Amino acid sequence: MKSNRKHNIILIGYMGCGKSIVGELLSQRLSYQFRDTDRMIEQTARDTINHIFAIRGEEYFRNLETELLKDLLPEINQVVLSTGGGLPLREQNSKLLKEMGYVVYLKASKETTLRRLAGDNTRPLLQGEDVEKKIESMLSYRIPFYEKAAHKYVVTDDKSPEEIATLIMEAYMKWIY
Ligand code: S3P
């Protein structure tokens, strides 16, 4: 066992890449807790992400994400953490994530993303016209950040959540032991 490594898995990636469903599966298989940064922020703020964006703006929300990670770092243990899609873009955040555990980027193509997010109204950054263009330009900007922030990436387009969870489990076991 590599004693300096923390026993947590952190899932990062764009909206709709499967962080929640894969995270739930992983947490069941490992008997870890499942946690989600968006849900934690909503609980603490007693408000929805949509409403926080609308009333306070994106910068305010990004600061909540950073504060949450700082609070989590000392206590997080045996957790699968799903993170908001924009969270690893701040360098400070991506550093904190790597200190927390094994960081995995779930990579999904524009087509897969579009299909999974069709009709979604819970993501403030994807409302309005031309969602396809928005996704395309955000993805090309963000992919380098996700790749840099992660220990490993998994292409998810052609795989079931179970298959993705198995791949991550195997890689995590090698990383930790
Ligand atoms: C965001 C992704 C969302 C949420 C917020 C902003 C983003 O999380 O944090 O709407 O910037 O990509 P999910 O990736 O869980 O949808």
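The preceding data block contains the structure.
First things first, this report covers the structure right here in the doc. As the structure is a prediction and not an experimental result, all values here were calculated from the model.

## Notes on the site of the ligand
Taken together, 13 residues lie around the ligand, and Lys-19, Asp-38, Arg-62, Arg-123 and Arg-142 are the ones closest in. At 2.7 Å from an oxygen atom of the ligand is found a side-chain nitrogen or oxygen belonging to Arg-62. The contact in question runs from an oxygen atom of the ligand to an N or O atom on the side chain of Arg-123, over 2.8 Å. In the complex, 94% of the free accessible area of the ligand, which totals 390 Å², lies under the protein chains.

## A word on the environment of Thr-156
Locating Thr-156 in the fold gives a position in the loop between strand E5 (152–155) and helix H8 (161–176). Between the alpha carbons of Thr-156 and Met-138 there is a distance of 18 Å; along the sequence they are 18 residues apart. Dropping the residues within four chain positions of it, Thr-156 is found in contact with Cys-17, Leu-106, Lys-107, Ala-108, Arg-116 and Ile-164.

## Things to note about the pattern of salt bridges
All told, the structure shown has 13 salt bridges when counted by the stated rule. For Glu-42, the salt bridge is made with Arg-39, and the minimal N-O distance between the two is 3.0 Å. Residue Glu-42 and its partner Arg-39 are both found in helix H2 (residues 37–45); the two are separated by three residues, about one turn of the helix. Lys-110 serves as the salt-bridge partner of Glu-136, at 3.7 Å between the closest nitrogen and oxygen. Of this pair, Glu-136 sits in helix H7 (residues 131–149) while Lys-110 sits in helix H6 (residues 110–117); the two residues are 26 residues apart in sequence, bridging distant segments of the chain. For Glu-136, a relative accessible area of 42% gives the class partly exposed.

## Considerations on the nonpolar core
Generally speaking, soluble globular proteins have nonpolar side chains that are buried together. Core analysis: the largest hydrophobic core is formed by 31 residues, its most contacted members being Ile-12, Tyr-14, Leu-81, Leu-97 and Met-100. Residue assignment for this core shows that the elements contributing at least two residues are strand E1 (8–12), H2, helix H3 (49–56), helix H4 (58–72), strand E3 (79–82), helix H5 (91–100), strand E4 (102–107) and H7. Looking at which element gives the most residues to this core, the answer is H7, with five residues. For Leu-97, the residues in contact, after removing those within four places along its chain, are Ile-10, Ile-12, Leu-69, Thr-83, Leu-87, Pro-88 and Val-103. Counting 22 residues, the second-largest nonpolar core is a separate cluster that includes Leu-25, Leu-30, Ala-108 and Trp-175.

## Section: H3
Inspection of H3 places Ile-49, Ile-52 and Phe-53 among the buried residues, and these make up the whole buried set. Around the axis of H3, the buried residues are gathered within 100° of arc, so they sit on the same side. For H3, exposure combined with an orientation more than 90 degrees from the buried face picks out Ala-54 and Ile-55. Its buried side turned inward, H3 meets H2 and H4.

## Re H4
Here H4 contains 15 residues, and its C-alpha end-to-end distance of 21 Å stays within 8% of the 21 Å for a straight helix at 1.5 Å per residue. Phe-61, Arg-62, Glu-65, Thr-66, Leu-68, Leu-69 and Leu-72 are the residues of H4 that are buried. What you see down the axis of H4 is that its buried residues fit within an arc of 160°, all on one side. Of the residues in H4, the exposed ones pointing more than 90 degrees away from the buried face are Glu-59 and Asp-71. Structurally, H4 contributes buried residues whose contacts are with strand E2 (33–36), H2, H3, E3, H5 and H7.

Calculation criteria
- Residues numbered from 1 in each chain as written.
- Predicted model: local features only at pLDDT ≥ 70, side-chain atom pairs only at ≥ 80, totals over all residues.
- Heavy atoms only, no water.
- Near = heavy atom within 4 Å.
- Polar contact = N/O pair within 3.5 Å; in protein donor to acceptor, adjacent residues only side chain to side chain.
- Areas by Shrake-Rupley, 256 points an atom, 1.4 Å probe, with all protein chains shown as cover.
- Helix = DSSP H or I, 4+ residues; strand = E, 2+ residues; numbered from the N terminus.
- Contact = heavy atoms within 4.5 Å.
- Salt bridge = Lys/Arg side-chain N within 4 Å of Asp/Glu carboxyl O.
- Buried < 20%, exposed > 50% of the residue type's maximum accessible area, 1.4 Å probe, protein only.
- Core = buried A, V, L, I, M, F, W, Y, C linked by side-chain atoms within 4.5 Å.
- Arc of directions from axis to C-beta.
- Expected span 1.5 Å × (residues − 1).

All we've got here are geometric facts, nothing functional implied.
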